[in-house]
Amino acid sequence: MFPFAPTVPRRRRVRFSPAGAAALALGLAAVTGCSGGGSGSSDDTVKIGLVASLSGTYEPVGTELRDGFKLYLDTHNNKLGGREVELIVADEGDGPPTAVPAATKLVKKDKVDVLTGLVGGGSVNAVLPLTQQAKIPFLGSNARPPVKDIEYVWTTSFLSDEPGKAIAPYIKEKVDGPVYAIGPDYQGGHDELRGFTDEFKRVNGELANPDGKTTWTPFPKTTNFMPYFAEIAKTDAKAVYCFYAGKAAIDFAKQYAQSDIADIPLYTAFVTEGSVLQAQGPAAKDIYSVLNYAADLDNEANRTFAADWTAEHDTQPTTYAMASYDAAAVLDKAIADAAKDGDVTPQTINKAIAGLGQIDSPRGAWEFGDKAHSPVQTWYLRQVRPDGSKLANVMVQDLATLGS
């Protein structure tokens, strides 16, 4: 059975209601405590905008970002730092063409005090000029590309190249021969695979790709991976490393198990993370993954988080939900600190985030690094194994501590 089945009393749940037909017409769902906060509302309420993929390839990821943040509000009486919260949720879709209009409405019309969420690295780069111009903190809760101006930019997740960087030395040690690298052809995929290939080469690993470079699959239209697996079978690859998430991860894992390379060990970032694991079924068994979180980590914060999550969703919590839950926890502390020093505004919240120090998290304690405003944290190796009647990502060992 899942090791952290609910064992703690449930706290009072807060029910959310839609904000209205106009917002729904724009693809937004709003949940409110009372009206407005900070720059656009009353002194007792903070307005937070959350943009996540609620449609398209990464809908499973975006849904968990939204639900992780809501869970924290749900179990804290819809308050952060003692202030009522108005949470406005917008659909990022598959990237910048939908993410930018959604974020623009939140920043310019709704006048949110903080923007959080965003699944795709391309979406982050496209939205940041908007938040930076408005001097509103962006507290991302998924992988983020490198950013030059980080004054108002934070992430509770990680930098996109860190998963591959964390697992590359382990793969070099365990795999006797070259490794084939494959991933989706867009910014997030480039960042994720670059982290692996750069570090793998640094530790004298060899790629099995014929040209010595990562093989890219068109995004988001690639649903048939069999031709790529046939090409891998022609090489001398002793293992495969890849990054896929959402619906693409389901297709990749299922087809891998049916391909000519099914017996070659598969190391991944994200392929088995989240609701996709149950959709993959037995095809996911034994797949290795690297992440900053595992649902079976044994610490008090994770026991509480996992119990609350499973009580609501009847599934294992994921890194997506955890990072968004932590984004709410960060804001809880920062808003309380800002209130002690005076007015709660986007600028005072941002200043308070910078001074938080260590965060007690389900992943284990972490803190923001000064160079990139990303977590300094532990990375874990997990493997898909039976857990009662279901498959789960089971923690195998620590891999590395990264962050800056």
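Residues numbered from 1 in each chain as written. Predicted model: local features only at pLDDT ≥ 70, side-chain atom pairs only at ≥ 80, totals over all residues. Heavy atoms only, no water.

A.B. asks: Before we go on, may I ask you to explain unusual backbone geometry in this structure?
C.D. replies: Among all residues save glycine, negative phi is the norm, and among peptide bonds the norm is trans. The omega torsion of the bond from F219 to P220 falls at 5°, within 30 degrees of zero and hence cis. Inspection of the secondary structure assignment puts P220 in the loop between β9 (215-218) and α7 (226-233). At N78, a residue that is not glycine, the phi angle is positive and equals roughly 60°. Its identity as a non-glycine residue notwithstanding, H373 has a phi of 55°, on the positive side. Secondary-structure assignment places H373 in the loop between β13 (367-368) and β14 (375-387). With relative accessibility at 11%, the residue H373 sits in the buried group. (Helix = DSSP H or I, 4+ residues; strand = E, 2+ residues; numbered from the N terminus. Buried < 20%, exposed > 50% of the residue type's maximum accessible area, 1.4 Å probe, protein only.)

A.B. asks: Is there a simple way to explain the packing of helix α5 (residues 162-174) against helix α6 (residues 187-202) in this structure?
C.D. replies: Helix-helix packing is described using two parameters, namely the angle between the two axes and the distance between the axes. Look at α5 against α6: their axes get within 7 Å of each other, and the N-to-C directions meet at 35°. Of the two possible hands of crossing, α5 and α6 adopt the one that is right-handed. Taking contact as the criterion, the partners of P163, G164, K165, I167, A168, P169, I171 and K172 in α5 are, on α6, E192, G195, F196, E199 and F200. Taken together, the residues that form the contact of α5 with α6 break down as seven nonpolar, two polar and four charged. (Axes fitted to C-alpha atoms, helices over the stretch in contact; angles between N-to-C directions. Left-handed = near helix turned anticlockwise from the far one by under 90°. Contact = heavy atoms within 4.5 Å. Nonpolar A, V, L, I, M, F, W, Y, C, P; charged D, E, K, R; others polar.)

A.B. asks: Teacher, can you tell me more about the nonpolar core here?
C.D. replies: Note on soluble globular proteins: their nonpolar side chains tend to be buried together. Judged by nonpolar contacts, the single largest core of 73 residues is most densely connected at F69, L80, Y241 and L331. Counting 24 residues, the second-largest nonpolar core is a separate cluster that includes I232, V240, Y244 and I264. (Core = buried A, V, L, I, M, F, W, Y, C linked by side-chain atoms within 4.5 Å.)

A.B. asks: Looking at this structure, how should I read the pairing of strand β8 (residues 179-185)?
C.D. replies: In terms of burial, β8 is largely enclosed, as six of its seven residues are buried. Where β8 meets strand β10 (residues 239-243), four bridges bridge the pair, whose relative direction is parallel. Bridge assignment links A181 to a residue of β10, and that residue is Y241. Here β8 runs beside β9; their pairing, made up of four bridges, is parallel. Residue G183 lies in a different strand from β9, and its bridge partner there is W216. For the handedness criterion, the β-α-β arrangement of β8, α6 and β9 is classed as right-handed. (Pairing = 2+ DSSP bridges. Right-handed = clockwise from strand over helix to strand, strands pointing away.)

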